[in-house]
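A closer look at the structure
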Amino acid sequence: HDTLVFVEVKTRMENNLVSPEDSMVSRKINSVKKSALFYKMKHPQLPESLRIDFVGIVLDNNLRPLKINHVENLTM
């Protein structure tokens, strides 16, 4: 109720060489952070507290989730 949460979701197939977590480089985190701050500036009525979460999903060949990883508070 008192925190505005932005969530970056990355999905990969199980045979992909790069995991969803490995794709969250600092450049991408900074991009999400800038977007979050801009959105907050445009909507001042929203909560002051901001947080960026990450959800990584790995799918099998039948598109069923094998792994879901939720990481709270990447940066802010």
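See the structure above.
Regarding the overall build of the protein
Across its full length, the protein carries 1 helix and 3 strands. What you see in the protein, going N to C, is helices and strands ordered as β-α-β-β. Against the globule reference of 11 Å for 76 residues, the protein gives a C-alpha radius of gyration of 14 Å, more extended than a compact globule. Its C-alpha atoms put the protein at 45 × 25 × 15 Å along the principal axes. Buried residues in the protein amount to 28% of all 76 residues. Considering only intrachain contacts with a sequence separation of at least 6, the fraction spanning at least 24 residues in the protein is 58%. When the accessible surface of the protein is totalled, it reaches about 5,400 Å², and 52% of it is carbon and sulfur. Taking the average location of the 11 positive side-chain charges in the protein and that of its 9 negative ones, the two points are 8 Å from each other.

What counts, and at which threshold
- Residues numbered from 1 in each chain as written.
- Predicted model: local features only at pLDDT ≥ 70, side-chain atom pairs only at ≥ 80, totals over all residues.
- Heavy atoms only, no water.
- Helix = DSSP H or I, 4+ residues; strand = E, 2+ residues; numbered from the N terminus.
- Rg over C-alpha atoms; globule rule 2.2 N^0.38 Å.
- Buried < 20%, exposed > 50% of the residue type's maximum accessible area, 1.4 Å probe, protein only.
- Contact = heavy atoms within 4.5 Å.
- Areas by Shrake-Rupley, 256 points an atom, 1.4 Å probe, with all protein chains shown as cover.
- Lys, Arg positive; Asp, Glu negative; His and termini not counted.
- Charge placed at Lys NZ, Arg CZ, Asp CG, Glu CD.

So yeah, pure geometry; function would need other evidence.
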